[in-house]
Amino acid sequence: MDRAPGDETADRRDRLLAALLHGPDAFVLLGCDAGVAELFGGAAPLRLALVTAAGDASADQIRARIEPLVKAVRPGGPPAHFVVVGGGAAAGRAALAKAAPLVQPVRMGFHHLDAAGALTRVKGSALPALEDAHRRLAEVGPLGPDAIAEALAKGQALARQERAIVDRLAGSRRVTATLVIACAALLAVSYAFGPGTHDAALWRMGANSGEAVRRGELYRLLASAFLHADPVHLFVNMLALWSLGPMLEALLGPRRFLLLYGASALGGSIASASAGALMEGRWGVGASGAIWGLMAAGIGIALRPQGLLPAAMIAPMRSRAWWPLGLNLAYSLLPGIDLLAHLGGGIVGFALVVTVLPRGLTPVEQRERASSAEPRPRPLLTAAAALMGAAMALSVVVALAVGRPWVLGAPPTLTRTAVADTGVALDVPEALASAAFVEEMDGLRTHMYGRLPDTPMMFLLTVHPFEGELTPGEVDELLERERKALEEQRPADVAASGPATRITLGGRPAVRARNELKNGVQLVSYVVVLSDREVLLQAFSMKDRPASWNGIEDKVAATIRAQ
């Protein structure tokens, strides 16, 4: 840098530069000319700009030199500090105060080293390294042109190395892209079976459920990680996957990345199913457990890099690692979000990268190509990755084969079914008749057909025998009492209800009451009298059941007859 003899501002700037470069914080010089010197922290991630100002420069002139540097700062980067060297105290401070943005994209600090040699923090964060360098100004001499050139060469070499590493870490995304395509394709499939079938299709395609897993449907643990509730759910998860996946895939290699993703998805599903086993009817879908595993893996690499990345990259990673975790943890506490799936996946991902997963990998700066993560062939690793990929693919295939979601669009076929030893028979959808069971409830035998959400509907039937046959008048009085009882004694968890009404079903008088429960389940209750016995039929269905199942409860109730 050329300067006139006796230029005190340039001399002070170069002394400050020397103190920063040779101080304990090991700053690196990235650029330097007569007006601006740019440095990057070696010990801690931060950017520092030294801007010279003439002694008679106005506040507006100084501000015009600072503002382009401030506007170049992008969100998510390291902290940025700006130091004006020279200029009058009032002009420099006024310029810095005006240049500081109201909303800062990163943590910022604005400082003035005035013509009298006094250092002042005008706005923003303090910078102890700058204050230490200022105290040592009298002990160091200004950097000469050769020293500046040498420092620039070193800094630019480090910058080139970092760019090369970033390029290598952006070079692999085949596994990530395959996962995104698979999730998007399965969302499209889940909507392909007609209006009102989406939730039922998700269940049949492998939604995770503690009850189902406990019954042996283990394929749900992995299949559910490829399913999503709606396009917004898919978009949010795939955006996160595309943000995290390519870097981790390049850093770990495709095989280890696939193991990380699959193991995290499995850990999240197991955690969710463990809680779901205690909560009847609870089920879930989504890749969030796997994505939390990737996010936690990034934190694990920042905290314990095991030589994979150069030290200059680790510090910025550590500074940026925690805010996404805090944000996502807060989001996970919202109603309807599966916190346990998130935590389960995150714990597995973190544990893998701080223990066994990175062992034997070539450090990134030593790789000749983006694809040369492994120093030698590893047949066991290849076998493990192939097994994980096969397990994930097979889980989806098995879920489709077992669940047969394509049958949802067809109207149900009714089959005549005798209700055990009650002397009653009725027509029941074939899909429900094959899932019949009996439970003792309040001292009465309750016959159940179907199970939500395994089937689109569920029927509960209870028979109360009389000592003899009732006359038509007695039947009428009984039905009126039952109508009033259904009207007054609603379920405890009812959210909305309609009136209980007298109707005619299959040529005989009956009572019907409709309720909507707080969990969204629709409940229709029927009371039918068969001369010497009373039959209570309850039909449960999801609010968005397949359109082909609409009105089935009335058809079933109309077929109740004595055997």
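Residues numbered from 1 in each chain as written. Predicted model: local features only at pLDDT ≥ 70, side-chain atom pairs only at ≥ 80, totals over all residues. Heavy atoms only, no water.

1. Observations concerning the overall build of the protein chain
Alright, step 1. Secondary structure summary: the protein chain contains 18 helices and 17 strands in total.
Alright, step 2. Here the C-alpha radius of gyration of the protein chain, 35 Å, is well above what a compact globule of 563 residues would show, namely 24 Å.
Alright, step 3. Dimensions of the protein chain, computed from the C-alpha atoms along their principal axes, are close to 120 × 60 × 35 Å.
Alright, step 4. In the protein chain, which comprises 563 residues, the proportion classed as buried is 47%.
Alright, step 5. Approximately 26,200 Å² of the protein chain is accessible, and the part contributed by carbon and sulfur atoms is 59%.
Alright, step 6. Computed over 55 positive and 52 negative side-chain charges, the separation of the two mean positions in the protein chain equals 6 Å. (Helix = DSSP H or I, 4+ residues; strand = E, 2+ residues; numbered from the N terminus. Rg over C-alpha atoms; globule rule 2.2 N^0.38 Å. Buried < 20%, exposed > 50% of the residue type's maximum accessible area, 1.4 Å probe, protein only. Areas by Shrake-Rupley, 256 points an atom, 1.4 Å probe, with all protein chains shown as cover. Lys, Arg positive; Asp, Glu negative; His and termini not counted. Charge placed at Lys NZ, Arg CZ, Asp CG, Glu CD.)

2. Focus: the nonpolar core
Alright, step 1. In terms of nonpolar packing, the biggest core is built from 51 residues, with Leu 260, Tyr 261 and Leu 309 touching the most fellow members.
Alright, step 2. Those elements giving two or more residues to this core turn out to be helix H6 (174–190), helix H7 (198–204), helix H10 (231–252), helix H11 (254–276), helix H12 (288–303), helix H13 (311–332), helix H14 (339–354) and helix H15 (379–403).
Alright, step 3. Once residues within four sequence positions are removed from consideration, Tyr 261 is found in contact with Leu 179, Leu 241, Ala 287, Ala 290, Leu 294 and Met 392.
Alright, step 4. One finds Leu 17, Phe 27, Val 83 and Ile 148 within the second-largest nonpolar core, a separate group that totals 26 residues. (Core = buried A, V, L, I, M, F, W, Y, C linked by side-chain atoms within 4.5 Å. Contact = heavy atoms within 4.5 Å.)

3. Looking at helix H17 (residues 472–488)
Alright, step 1. The end-to-end C-alpha distance of H17, which contains 17 residues, comes to 24 Å, matching closely the 24 Å that a straight helix rising 1.5 Å per residue would cover.
Alright, step 2. If you check which residues of H17 are buried, you get Val 475, Leu 478, Leu 479 and Leu 486. Buried residues of H17, viewed axially, fall in a sector of 100°; they line one side. Away from the buried face of H17 by more than 90 degrees, exposed residues Arg 481 and Glu 488 are located.
Alright, step 3. Of the surrounding elements, those touching the buried residues of H17 are strand S13 (501–505), strand S14 (508–517), strand S15 (521–529) and strand S16 (533–542). (Expected span 1.5 Å × (residues − 1). Arc of directions from axis to C-beta.)

4. Some words on the sheet that holds strand S2 (residues 36–40)
Alright, step 1. Read across the sheet, 6 strands follow the order S1-S2-S3-S4-S5-S6 without closing on themselves; strand pairing throughout is mixed. The sheet is open, and its two edges are formed by strand S1 (28–32) and strand S6 (119–124), each paired on a single side. The mean inter-strand angle of the sheet, taken between neighbouring strand axes irrespective of direction, is 20°.
Alright, step 2. One ladder, built from 4 bridges, connects S1 with S2; its direction is antiparallel. Considered in S2, the bridge of Gly 31 is made with Glu 38.
Alright, step 3. Together, S2, strand S3 (47–53), strand S4 (80–86) and strand S5 (108–113) form the strand contacts of helix H2 (residues 59–71), whose direction differs from that of S3 by roughly 160°. (Pairing = 2+ DSSP bridges. Axes fitted to C-alpha atoms, helices over the stretch in contact; angles between N-to-C directions.)

5. Some points on the sheet that holds strand S8 (residues 424–429)
Sheet strands pair by backbone hydrogen bonding; their relative direction is either parallel or antiparallel.
Alright, step 1. Taken in spatial order, the 3 strands line up as S7-S8-S17 in an open sheet, and their pairing is antiparallel. Only two strands of the sheet have a single neighbouring strand rather than two, namely strand S7 (414–418) and strand S17 (561–562).

6. Details of the packing of aromatic side chains
The relative placement of two aromatic rings is captured by the distance of their centres and the angle of their planes.
Alright, step 1. Tallying each qualifying case throughout the model produces 2 aromatic pairs.
Alright, step 2. For the pair Phe 82 and Phe 110, a centre-to-centre distance of 5.3 Å together with 20° between the ring planes defines the contact as stacked. With a gap of 28 residues between them, Phe 82 in strand S4 and Phe 110 in strand S5 connect regions that are remote in the sequence.
Alright, step 3. Residue placement shows Arg 220 over the ring face of Trp 203; its charged tip is 4.0 Å from the ring centre. (Phe/Tyr/Trp six-rings, centres within 6.5 Å; stacked < 30°, edge-to-face > 60°. Lys NZ or Arg CZ within 6 Å of the ring centre and 35° of its normal.)

7. Some words on the confidence of the model for the protein chain
Alright, step 1. Per-residue pLDDT for the protein chain averages 87, and the proportion of residues at 70 or more is 93%.
Alright, step 2. Confidence, expressed as mean pLDDT per element, reaches its minimum in the protein chain at H13 with 69 and its maximum at helix H9 (residues 220–223) with 96.
Alright, step 3. Contacts of residues 1–6 to residues separated by more than four positions or lying in other chains number 9 contacts, the stretch itself having pLDDT below 50. (pLDDT = per-residue confidence, 0-100.)

8. Quick word on unusual backbone geometry
Most peptide bonds take the trans configuration, and most residues that are not glycine carry a negative phi.
Alright, step 1. You will see that Arg 404, though not glycine, has its phi angle at about 45°, which is positive.
Alright, step 2. What makes Arg 404 partly exposed here is its relative accessible area of 41%.

9. With respect to the pairing of S8
Alright, step 1. Counting buried positions over the 6 residues of S8 gives 6, a clear majority of the element.
Alright, step 2. Burial of S8 is two-sided: the residues Val 424, Leu 426 and Val 428 facing one way and the residues Ala 425, Asp 427 and Pro 429 facing the other way are all buried.
Alright, step 3. Pairing between S7 and S8: 5 bridges, direction antiparallel. Each bridged residue has a counterpart across the sheet, and for Leu 414 the counterpart in S8 is Pro 429.

10. As for the pairing of strand S11 (residues 457–465)
Alright, step 1. Taken across its 9 residues, S11 has 7 buried, putting it largely inside the fold.
Alright, step 2. Relative to S11, strand S10 (residues 444–449) runs antiparallel, the two sharing 3 bridges. By the bridge assignment for S11, Met 448 is matched with Leu 460.
Alright, step 3. Strand direction decides the pairing type here: S11 and S16, joined by 9 bridges, are antiparallel. Each bridged residue has a counterpart across the sheet, and for Val 463 the counterpart in S16 is Val 535.

11. Details of H14
Alright, step 1. Taking 1.5 Å as the rise per residue, H14 with 16 residues should run 22 Å; its terminal C-alpha atoms sit 23 Å apart, in good agreement.
Alright, step 2. Listing the buried residues of H14 in full gives Ala 341, His 342, Gly 344, Gly 345, Gly 346, Gly 349, Leu 352, Val 353 and Val 354.

12. A short note on the packing of H6 against H10
Alright, step 1. Running from N to C, H6 and H10 point in directions that differ by 170°, and their axes come no closer than 8 Å. Viewed along their axes, H6 and H10 adopt a mutual orientation that is roughly antiparallel. Residues Arg 174, Val 175, Thr 176, Ala 177, Leu 179, Val 180, Cys 183, Ala 184 and Leu 187 of H6 form the contact with H10, whose participating residues are Pro 231, Leu 234, Met 238, Leu 241, Trp 242, Gly 245, Pro 246 and Glu 249.
Alright, step 2. Of the residues that constitute the contact of H6 with H10, the class distribution is 13 nonpolar, 2 polar and 2 charged. (Parallel < 35°, antiparallel > 145°, perpendicular 65-115°, else oblique. Nonpolar A, V, L, I, M, F, W, Y, C, P; charged D, E, K, R; others polar.)

13. Description of the pattern of salt bridges
Alright, step 1. Applying the stated criterion across every chain yields a total of 20 salt bridges.
Alright, step 2. Between Glu 487 and Arg 483 there is a salt bridge, and its shortest N-O distance comes to 3.8 Å. On the criterion of helical spacing, the pair formed by Glu 487 and Arg 483 is a turn pair, its members being 4 residues apart in helix H17.
Alright, step 3. Overall, Glu 487 belongs to the partly exposed group, its relative accessible area being 31%.
Alright, step 4. Connected through shared salt-bridge partners, Asp 476, Glu 480, Arg 483, Glu 487, Arg 490 and Arg 502 make up one network. (Salt bridge = Lys/Arg side-chain N within 4 Å of Asp/Glu carboxyl O.)

14. Quick notes on the environment of Ile 301
Alright, step 1. For Ile 301, the location among the structural elements is in helix H12.
Alright, step 2. Since its relative accessible area comes to 2%, Ile 301 is described here as buried.
Alright, step 3. Along the backbone, Ile 301 and Gly 345 are 44 residues apart, and their C-alpha atoms lie at a distance of 16 Å.
Alright, step 4. In contact with Ile 301, other than residues within four places in its own chain, are Leu 248, Leu 251, Leu 309, Ile 314, Met 317 and Val 353.

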